[in-house]
Amino acid sequence: MSDSLLEEYKAYYKTRADKYAGNPNFPNYYDAELRLSDAMQGCAVLEEFKDRIGDLNERCANALTKDQNILELKHFEKHKEDVRALLPKRILEKLPSCANVNDLITMVTEESNKNMIEISLDEANRFFVSDWEYVDTAEVYANAVVPDKYKKQMQDWANTVRKSIADGAKSTEADLQHWKEGFRLNPDVIFEYRHRRLLPYADEHVREQMERFKKIINL
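All values reported here derive from a predicted model rather than from experimental measurement.

Residue-level account of the overall build of the protein chain, with values.
Secondary structure summary: the protein chain contains 11 helices and zero strands in total. Starting at the N terminus and ending at the C terminus, the protein chain contains elements arranged as α-α-α-α-α-α-α-α-α-α-α. Compactness check: the protein chain gives a C-alpha radius of gyration of 28 Å against a globular reference of 17 Å for 219 residues, more than 25% above the reference. Counting only C-alpha atoms and orienting by the principal axes, one finds that the protein chain spans roughly 100 × 35 × 30 Å. Taken across its 219 residues, the protein chain has 35% of its residues classed as buried. Split by element, the accessible area of the protein chain, about 13,600 Å² in all, is 51% carbon and sulfur. Charge-centre separation for the protein chain: the mean point of 33 positive side chains lies 6 Å from the mean point of 40 negative side chains.

Explain the nonpolar core to me, and be specific about the residues and the numbers.
Counting 21 residues, the largest nonpolar core has F128, I165, L185, F213 and I217 as the members making the most contacts within it. For this core, the secondary-structure elements that each account for two or more residues are α7 (127–130), α8 (132–142), α9 (148–176) and α11 (203–216). With five residues, α9 is the largest single contributor of residues to this core. Listed in part, the 16 residues of the second largest apolar core include L6, Y20, I53 and C60.

How would you summarise the environment of A44 if you had to cite specific residues and measurements?
Residue placement: A44 occurs in the loop between α2 (27–41) and α3 (49–52). Distance in space between the C-alpha atoms of A44 and T65 is 31 Å, their sequence separation being 21 residues.

I'd like a description of unusual backbone geometry, backed by residues and values.
Despite not being glycine, K80 has its phi angle at roughly 55°, a positive value. Along the chain, the position of K80 falls in the loop between α4 (56–78) and α5 (86–94).

Describe the packing of aromatic side chains, naming the residues involved and giving the relevant values.
All told, the structure shown has nine aromatic pairs when counted by the stated rule. On the basis of an interplanar angle of 70° and a centroid distance of 4.8 Å, the ring pair of Y20 and Y29 is categorised as edge-to-face. Per residue, the accessibility class of Y20 equals that of Y29, and both read buried. These aromatic residues form a ring-pair network of at least three members: F127, F128, W132, Y201 and F213.

Outline the side chain of S37, listing residues and values.
Summarising the element assignment, S37 is placed in helix α2. Other than its neighbours up to four places away in sequence, S37 contacts Y13, K14 and A17.

So what's going on with α8? Which residues, and what values?
Listed as buried for α8 are W132, V135, A138 and A142. For α8, the buried positions fall inside an angular range of 125° around the axis, keeping them on one side. In α8, the exposed positions angled more than 90 degrees off the buried face are occupied by E133 and V140. In this structure, the buried residues of α8 make contact with α7, α9 and α11.

Let's hear about the packing of α8 against α11: which residues, and what values?
Where α8 meets α11, the axes come as close as 10 Å, and the angle between the chain directions of the two elements is 75°. Comparing their axes, α11 and α8 come out roughly perpendicular. Here W132, V135, D136 and E139 of α8 lie close against α11, whose contacting residues are H205, V206, Q209, R212, F213 and I216. A class-by-class count of the residues in the contact of α8 with α11 yields five nonpolar, two polar and three charged.

Reading the values: the criteria
- Residues numbered from 1 in each chain as written.
- Predicted model: local features only at pLDDT ≥ 70, side-chain atom pairs only at ≥ 80, totals over all residues.
- Heavy atoms only, no water.
- Helix = DSSP H or I, 4+ residues; strand = E, 2+ residues; numbered from the N terminus.
- Rg over C-alpha atoms; globule rule 2.2 N^0.38 Å.
- Buried < 20%, exposed > 50% of the residue type's maximum accessible area, 1.4 Å probe, protein only.
- Areas by Shrake-Rupley, 256 points an atom, 1.4 Å probe, with all protein chains shown as cover.
- Lys, Arg positive; Asp, Glu negative; His and termini not counted.
- Charge placed at Lys NZ, Arg CZ, Asp CG, Glu CD.
- Core = buried A, V, L, I, M, F, W, Y, C linked by side-chain atoms within 4.5 Å.
- Phe/Tyr/Trp six-rings, centres within 6.5 Å; stacked < 30°, edge-to-face > 60°.
- Contact = heavy atoms within 4.5 Å.
- Arc of directions from axis to C-beta.
- Axes fitted to C-alpha atoms, helices over the stretch in contact; angles between N-to-C directions.
- Parallel < 35°, antiparallel > 145°, perpendicular 65-115°, else oblique.
- Nonpolar A, V, L, I, M, F, W, Y, C, P; charged D, E, K, R; others polar.

Treat this as a map of the structure, not an account of what it does.
Here it is, written out as C-alpha cells:
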C-alpha cells in the first residue's frame, strides 16, 4: 500500500476529529473521533489500522448518539415538551447497555417508534382545540333568540353539531385504541404548556369551553 494513500487516510481521520474540536455541543463525539484519529495516526502502514481500530468506530456512533440526545433533551425541556422529552431520556438511559452498533440502532428505533405513539396519543387531545369553533357554533344555535317557529330548527342544528363533535371524538378514540388499549381522550392536558400555548384565550374562557366540550363528548 502506498505511503500516499496512508497519508490520505490519516488526513481524513484527522479532519473528522478536527471538525468537532472546541464544539461544546459534541464533547463526547469529539473525544471518540480523536481516539479513532489517534489510532490511524499511529499506523506505519495502512494495514495496521485493522488491528488498531477495535471498537473505536462503534464508540463514535455511541458518542454521537449521546451528544445528539443530550441536545434534544435540553431543547424539549426548555420548551416544556414533556412527551417528546421521553425519547432522549430513555435513549440516554439505555445507551450504556448497547454492546454494538446493531444494538444501538435497534434500541433507538424501538424507542423512536414508542415515542411516536406517545406523541400521537398526547396530541389527539388537541381535538378540543380544532373543535373550538364547532362548540361555539352549537352554543350559538342552542341559545339563538328567534321566533318560536324557528326554535326547533335551531335546536336540531345545535344537536347536529354536537353529534358531529361527539362522533369525531369516538372515532379518534377508536383509532388510537389500536395503539393503546382502552385509550380515552383527556382534554384536561390542554392546560399543560405544550398544548396551552396554542390557544390565544384567557384561562377562564378555556375552562368554560372545556366544560362545554367535555359535556358534549360525555367526559
